Amino acid sequence: MLYNSEAEVNTAVTAAPANPYLEDFLAPVSTEVTATDLVVTGHIPDFLDGRYLRNGPNPVAEVDPATYHWFTGDGMVHGVALHGGKADWYRNRWVRSAGVRAALGEPATAARNLRAGMQSLGANTNVLAHAGKTLALVEGGVANYELSDELDTVGACDFDGTLSGGYAAHPHRDPRTGELHAVSYSFARGRTVQYSVIDVHGHARRTVDIEVSGSPMMHDFSLTDKYVVLYDLPVTLDPMQVLPEKMPKWMRYPAQLVAQAVVGRVPVPGPIAAMINRNERSAYQLPYAWNPKYPARIGVMPRDTGGNGAEAPVRWFEIEPCYVYHPLNAYSEVRNSHEVLVLDVVRYERMFDRDRRGPGDTAPTLDRWTINLTTGAVTSERRDDRSQEFPRINETLLGSRHRFGYTVGIGGGFVDSGRSKMSSALYKHDYETGSSMIAPLDPELLIGEMSFVPRPAAGSASLSEDDGILMGYGYHRGRDEGQLLLLDAQTCESVATVHLPQRVPMGFHGNWAPQD
């Protein structure tokens, strides 16, 4: 027996075929499970004391495959607790947005926190621990949620009333201070995005408004020890998709003109924003699309400029049209008396152009932009043309020069519009030698994002950058089994496998949450 099942909650989830984001490794699961005494193959390092958590979209009820967008599924967090060389438990729980509660037949919450953001979607993109709390994160002005240590939903999160209007899916923790830095976007902010710093107590100590060209989807950003780097790229709000579905025909054309002129261009007044946030109806379409008229730019802002709520000075550098979800890392250095900014990113030629249900327009590649901050020149370089995503590094080096990066190779599935089965690989990139390694994984194994957990300095003889464990969920097709994988980050070979009671969909982002 692989586990002891303590509790299960079922709901009917059915999805017709013909949407690659609802099939195979991405297909949702229909059951919440609590399992203990998990079987482990190999040896879990003793220094791993905490929880591995990963978030992702998992519709709680039937969705229309013709219009369902991968990024809009109800949030589900999967977690495994490790302690003393054992896997104590596995849990998966839907983030209890209003729509999820209704679908599960659960009572609504007594009070709604409308300051936290829009209520129409559950936080489905990232999950991390900060200031003693577990946070399920999303973007675009949608409310984020606090979870218990056992992944039950506590409530919407606005950082104890210090940050309103939603947060970001990709905050970056400064390895020196422990603070979370983030860039948040929402059509309600008009032509601005917000840079914020959440202190170690879980409060926003600083917010800065940054003017951009319109209303872009700004999924992530880069943080160095000196700069905040923004990616203002041509995936922008499509105002036609934010109009109510039920509207008299005679009102639709005037409403379209108003939407095109106003939505995403000027800040939404507080009372109207509260009305938008109050809407609890789940929406499974994404109102962002490729906009060839929108300029592609990289913004560079010194971290120590701009006061609370004030607009900050940003230098903008034009680049070729493209889209970036995830930077691998960024840093600056001096070369021949010139300050140079290095940006390693996963780059797409375009996004949400032909494929309006997910990121399947073009295969992502690993690129490097180099910006000469002295002369203003920008150069680009293709580091690896294989399809890959979910870049991670040893984050104790975030914002400074790195040697190694880890990415997940993705083939088939949504990359080729579902014409073939998805395949995956794990690449380890060496930026010093220019070489890369392919992890020796079972061909039947599919993997998602792999997080880097550094070995504690006291237990390491080498203290090298890649001395640690790569950790993430996988699905073994041959065994029809979900797994938590622990790999040696130096060799990419297996250290341990935790066998799970159900498949874990590919999902999005996860993090190791060490025991305090």
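For the structure, see preceding data.
Anyway, here's the lowdown on the structure attached to this text. Only a predicted model underlies this, so the values are computations on that prediction, with no experimental measurement involved.

One open sheet holds the four strands; their spatial order is E25-E26-E27-E28, and the pairing between them is antiparallel. Both outer strands of the open sheet, strand E25 (388-392) and strand E28 (436-438), are each paired with one neighbouring strand and no more. Neighbour-to-neighbour, the strand axes of the sheet open up by a mean angle of 25°, direction not taken into account. Relative to strand E26 (residues 404-411), E25 is paired through three bridges, and the arrangement is antiparallel.

With 99 residues, the main nonpolar core has Met217, Ile298, Leu343 and Trp369 as its most contacted residues. In this structure Met217 touches Phe71, Glu139, Tyr185, Val235, Thr236, Leu286, Tyr288, Tyr323, Tyr325 and Phe352, once residues within four positions along its chain are discounted. Leu38, Tyr52, Tyr473 and Trp512 belong to the second-largest nonpolar core, a separate cluster that totals 21 residues.

Our next topic: empty space enclosed by the protein. Scanning the model with the defined rule gives four cavities of 30 Å³ or more in all. For the largest cavity, the calculated volume is near 50 Å³. Lining the largest cavity, in full, are His130, Ala131, Lys133, Leu135, Cys157, Phe159, Asp160 and Gly202. The class makeup of the residues in the lining of the largest cavity is four nonpolar, two polar and two charged.

Right, let's talk about the side chain of Gln388 for a bit. Structurally, Gln388 is set in strand E25. Of note is the side chain of Gln388, whose polar atom sits 2.6 Å from the side chain of Thr407. If near-sequence neighbours (up to four positions away) are discounted, Gln388 is found in contact with Val346, Pro364, Leu366, Thr407, Val408, Gly409, Ile410, Tyr427 and His429.

Enumeration over the complete set of coordinates arrives at 16 aromatic pairs. Aromatic pair Tyr323 and Tyr325: ring centres 4.8 Å apart, planes at 80°, arrangement edge-to-face. Each member of the pair, Tyr323 together with Tyr325, is buried. With centroids separated by 5.5 Å and ring planes inclined at 90°, the aromatic side chains of Tyr325 and Tyr348 adopt a geometry described as edge-to-face. In this pair, Tyr325 sits in strand E21 (residues 323-335) while Tyr348 sits in strand E22 (residues 338-348), placing the two residues 23 residues apart along the sequence. A relative accessible area of 3% places Tyr325 in the buried class.

So, on to the sheet that holds strand E8 (residues 133-137). In spatial order, the strands read E7-E8-E9-E10; together these four strands make up an open sheet with antiparallel pairing. Looking at which strands have only one partner, the edges of the open sheet turn out to be strand E7 (126-130) and strand E10 (153-157). Taking each pair of neighbouring strands and ignoring which way they run, the sheet shows an average axis angle of 30°.

All right, on to the pattern of salt bridges then. The tally for this structure, following the rule as stated, stands at 30 salt bridges. Among the salt bridges present, the one from Asp174 reaches Arg303, with a minimum N-O distance of 2.6 Å. Of this pair, Asp174 sits in the loop between strand E11 (172-173) and strand E12 (180-184) while Arg303 sits in the loop between strand E19 (297-302) and strand E20 (315-318), placing them 129 residues apart in sequence. Classification of Asp174 as buried rests on a relative accessible area of 2%. Exposure remark for Arg303: the relative accessible area of 15% places this residue in the buried category. Notably, a salt bridge pairs Arg392 with Glu449, separated by 3.1 Å at the nearest N-O pair. Taken together, the positions of Arg392 in strand E25 and Glu449 in the loop between strand E29 (445-447) and strand E30 (451-454) put the pair 57 residues apart, joining distant regions of the chain. According to the relative accessible area criterion, Glu449 is buried, its value standing at 4%. Through salt bridges with shared partners, a single network forms among Glu32, Arg96, Arg101 and Glu106.

Located in the positive-phi region is Phe390, a residue other than glycine, with phi close to 50°. Here Phe390 shows up in strand E25. Here Phe390 falls in the buried class, since its relative accessible area comes to 5%. Located in the positive-phi region is Asp480, a residue other than glycine, with phi close to 50°. Along the polypeptide, Asp480 turns up in the loop between strand E31 (468-476) and strand E32 (481-488).

Once that is clear, we can look at the pairing of strand E27 (residues 423-430). Of all eight residues in E27, six are buried, a share of seventy percent or more. Pairing of E26 with E27, which is carried by eight bridges, proceeds in the antiparallel orientation. By the bridge assignment, Thr407 is partnered in E27 with Tyr427. As judged from the three bridges shared by E27 and E28, these two strands associate in the antiparallel manner. Looking at E28, one finds that His429 is bridged to Ser436. The antiparallel pairing of E27 with E28 creates a hairpin that spans five residues between the two strands, and Gly434 there sits at a positive phi of about 80°.

Mapped onto the fold, Arg368 is located in strand E23 (residues 365-372). According to the relative accessible area criterion, Arg368 is buried, its value standing at 9%. Along the sequence, Arg368 and Asp384 sit 16 residues apart, while their C-alpha atoms lie 9.7 Å from each other. When neighbours within four sequence positions are excluded, Arg368 is seen to be in contact with Tyr331, Val342, Leu343, Asp344, Thr379, Ser380, Glu381, Arg383, His402 and Tyr431. A polar side-chain atom of Arg368 sits 2.7 Å from a polar atom in the side chain of Asp344.

How each quantity is defined
Within each chain, residues carry numbers counting from 1 in the order of the written sequence. Given that the model is predicted, a residue must reach a pLDDT of at least 70 before its local features are reported, and side-chain atom pairs must reach 80 or more before they are shown or counted; all residues, however, enter totals for whole chains, interfaces and linings. Hydrogens and water are ignored here; the side-chain numbers use all heavy atoms of the structure. Whether two strands pair comes down to DSSP finding at least two bridges between them. Helical segments are the DSSP runs of H or I of at least four residues, strand segments are the runs of E of at least two, and each set is numbered from the N terminus. Geometry is summarised by axes, namely lines fitted to C-alpha atoms with helices restricted to the contacting stretch, and by angles between N-to-C directions that run from 0 to 180 degrees. Among buried residues, those of type Ala, Val, Leu, Ile, Met, Phe, Trp, Tyr and Cys that are joined through side-chain atoms within 4.5 Å constitute a nonpolar core. Only protein chains enter the accessibility calculation, which uses a 1.4 Å probe; a residue whose area is less than 20% of its type maximum is buried, one above 50% is exposed, and one in between is partly exposed. Here a residue-residue contact requires only that any non-hydrogen atoms of the pair lie within 4.5 Å. Definitions used throughout: a 1 Å grid over protein atoms alone; a cavity as a set of points that fits a 1.4 Å probe which cannot get out; a pocket as an open set with protein on both sides within 12 Å along at least five of seven lines; a lining residue as one with an atom within 4 Å of a point. Grid points are joined across faces, edges and corners, and a volume is the space filled by probe spheres set on the points. Classification used: nonpolar for Ala, Val, Leu, Ile, Met, Phe, Trp, Tyr, Cys and Pro, charged for Asp, Glu, Lys and Arg, polar for all others including Gly. In the analysis that follows, any N or O atom pair within 3.5 Å is treated as a polar contact, provided that within protein one partner can donate a hydrogen and the other can accept it, and provided that, for residues neighboring in sequence, both atoms belong to side chains. The pairing test for Phe, Tyr and Trp rings, Trp by its six-membered ring, is centres within 6.5 Å, and the orientation test on the planes gives stacked under 30 degrees, edge-to-face over 60, and tilted for anything in between. Criterion for a salt bridge: a side-chain nitrogen of Lys or Arg within 4 Å of a carboxyl oxygen of Asp or Glu.

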